[in-house]
Amino acid sequence: MTPTPHPAERHWSVDGVELRSRLLLGSASFPSATVMRDAIVASGAEVVTVGLKRISQGGEAAEFVPTLLETVRSFGGRLLPNTAGCFDAQSAISTAMMARELFDTNWIKLEVIGDRGSLQPDPVELVEAARVLVREGFVVWPYCTDDVVSCRRLLDAGCPVLMPWGAPIGSGQGLLNPFALQYLRRSLPQALLIVDAGIGAPSHAAHAMELGYDAVLLCSAVSRARDPIEMAGAFAAAVHAGRSAWRAGVIGRSEQAIPSTAVGS
């Protein structure tokens, strides 16, 4: 089974790899390996994340890996291992090294958590880990906040992609600070920006794309849905609609009514 991204979508690329789908999907918390596989296909996602720590702890995560690898390879997709569960730079670096050996990829989604309650990234440890991993030949996709200063430092460290959060991981709250995300987009017009974390509904994903973001990454919104497969398709449609709206030009907001038809005096 091969994902079918919308043909009208324009391609983008990371590390010389051309991608069509602007929806990236996580592989955690699905009720079964079969549902995970079918949801990935329905989403059209070409990049799928996997957490090394979840696999090393055994259980369903480890059992899903053969299905995940088979599914991603069947359509020429890319696996994006992540360092979820790491709370300092050294732990994240070690996890990334193990992920490269296990999955034979130099792509890594870098997560270094600084607060256990909100799962907010630690900006200092994140930049330190990014610098080391870039020097070691990794293509680093950092999960970060929407702080423009931290984001510039990650770009300076050599990250080709930035993944600012919309809201805390798994919260489903959507874009809590659209002003900051919009400011970040304007401030870094040439950077590849992907909203990661907190998206709970297709409308949230569409909103991110309407702001001019290059893609969205989500997991719980699909894996924890009543029907993950149908929800995956809904997100694929929402991402396409949001991107099309951004290309077409969303009108600006006005504090007063603007009649579409002239109103007589």
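Structure's up top.
Residues numbered from 1 in each chain as written. Predicted model: local features only at pLDDT ≥ 70, side-chain atom pairs only at ≥ 80, totals over all residues. Heavy atoms only, no water.

Draft legend 1. Local environment of the overall build of the chain. Regarding its fold elements, the chain presents ten helices and ten strands. Taken over C-alpha atoms, the radius of gyration comes to 19 Å for the chain, in line with the 18 Å a tight globule of 265 residues would show. Oriented by its inertia axes, the alpha-carbon framework of the chain measures out at about 75 × 40 × 35 Å. Looking at the chain as a whole, 51% of its 265 residues are labelled buried. Contacts spanning at least 24 positions in sequence make up 65% of the contacts within the chain whose residues lie at least 6 apart. Carbon and sulfur atoms make up 50% of the accessible area of the chain, which amounts to about 12,400 Å² in all. Charged side chains of the chain number 22 positive and 26 negative; the gap between the two group centres comes to 4 Å. (Helix = DSSP H or I, 4+ residues; strand = E, 2+ residues; numbered from the N terminus. Rg over C-alpha atoms; globule rule 2.2 N^0.38 Å. Buried < 20%, exposed > 50% of the residue type's maximum accessible area, 1.4 Å probe, protein only. Contact = heavy atoms within 4.5 Å. Areas by Shrake-Rupley, 256 points an atom, 1.4 Å probe, with all protein chains shown as cover. Lys, Arg positive; Asp, Glu negative; His and termini not counted. Charge placed at Lys NZ, Arg CZ, Asp CG, Glu CD.)

Draft legend 2. Region of interest: the environment of Val112. Relative to the helices and strands, Val112 is located in the loop between strand S6 (107–110) and helix H5 (123–135). On the basis of relative accessibility, which here comes to 0%, the residue Val112 falls in the buried class. Residues Val112 and Leu25, 87 residues apart in the sequence, show an inter-C-alpha distance of 19 Å. With residues up to four places along the chain from it excluded, the contact list for Val112 reads Cys86, Phe87, Asp88, Ala89, Ala92, Gln120, Pro121, Asp122, Glu125, Leu126 and Ala129.

Draft legend 3. Up close: the pattern of salt bridges. Overall, the coordinates contain five salt bridges when judged by the stated rule. Across the salt bridge formed by Glu46 and Arg20, the nearest N and O atoms sit 3.3 Å from each other. Of this pair, Glu46 sits in the loop between helix H1 (33–43) and strand S4 (47–51) while Arg20 sits in the loop between strand S2 (17–19) and strand S3 (23–26); the two residues are 26 residues apart in sequence, bridging distant segments of the chain. What makes Arg20 partly exposed here is its relative accessible area of 35%. Asp38 is the partner of Arg37 in a salt bridge, and the nearest nitrogen-oxygen pair spans 3.0 Å. By relative accessible area, which is 29% here, Arg37 ends up partly exposed. (Salt bridge = Lys/Arg side-chain N within 4 Å of Asp/Glu carboxyl O.)

Draft legend 4. Representation of helix H10 (residues 228–248). For H10, built from 21 residues, the straight-helix expectation of 30 Å at 1.5 Å per residue is met to within 8% by its first-to-last C-alpha distance of 30 Å. All of the buried residues in H10 are Pro228, Ala232, Phe235, Ala236, Ala238, Val239, His240, Gly242 and Arg243. On its buried side, H10 packs onto S3, H1, helix H8 (202–210), strand S10 (215–218) and helix H9 (220–223). At the exit of H10 stands Gly249, carrying a positive phi of roughly 100°. (Expected span 1.5 Å × (residues − 1).)

Draft legend 5. Structural context of the environment of Pro123. Secondary-structure assignment places Pro123 in helix H5. Pro123 sits in the partly exposed class, given a relative accessible area of 39%. For the pair Pro123 and Thr145, spaced 22 residues apart in the sequence, the C-alpha separation amounts to 7.9 Å.

Draft legend 6. Representation of the packing of helix H4 (residues 89–103) against H5 in the model. Between H4 and H5, whose axes approach to 8 Å, the crossing angle comes to 35°. Relative to H5, H4 is oriented so that their crossing is right-handed. Where H4 approaches H5, its residues Ala89, Ile93 and Ala96 are matched on the opposing element by Glu125, Glu128, Ala129, Val132 and Leu133. In terms of residue class, the contact of H4 with H5 is built from six nonpolar, no polar and two charged. (Axes fitted to C-alpha atoms, helices over the stretch in contact; angles between N-to-C directions. Left-handed = near helix turned anticlockwise from the far one by under 90°. Nonpolar A, V, L, I, M, F, W, Y, C, P; charged D, E, K, R; others polar.)

Draft legend 7. Structural detail: the state of the cysteines. Under the defined criterion, the tally for this structure stands at zero disulfides. No disulfide involves Cys86; its sulfur sits 15 Å from that of Cys159, the nearest cysteine. We classify Cys86 as buried; its relative accessible area is 0%. With no disulfide partner, Cys159 has as its closest neighbouring cysteine sulfur the one in Cys144, 8.5 Å distant. (Disulfide = S-S within 2.5 Å.)

Draft legend 8. Focus on the packing of aromatic side chains. A full pass over the atoms with the stated rule returns two aromatic pairs. Ring centres of Trp107 and Trp141 lie 5.1 Å apart, and the angle between their planes is 50°; on these two criteria the pair is classed as tilted. Separated by 34 residues along the polypeptide, Trp107 in strand S6 and Trp141 in strand S7 (residues 139–144) bring together distant segments of the chain. Between the aromatic rings of Phe179 and Tyr183, the centroid separation amounts to 6.3 Å while the plane-to-plane angle is 20°, which identifies the pairing as stacked. A residue pair is termed a helical-turn pair when its members lie 3 or 4 positions apart in one helix, as Phe179 and Tyr183 do in helix H7 (residues 178–187) at four residues. A relative accessible area of 38% means that Tyr183 is categorised as partly exposed. Over the ring of Phe87 we find Arg116, and its NZ or CZ is 3.9 Å from the ring centre. (Phe/Tyr/Trp six-rings, centres within 6.5 Å; stacked < 30°, edge-to-face > 60°. Lys NZ or Arg CZ within 6 Å of the ring centre and 35° of its normal.)

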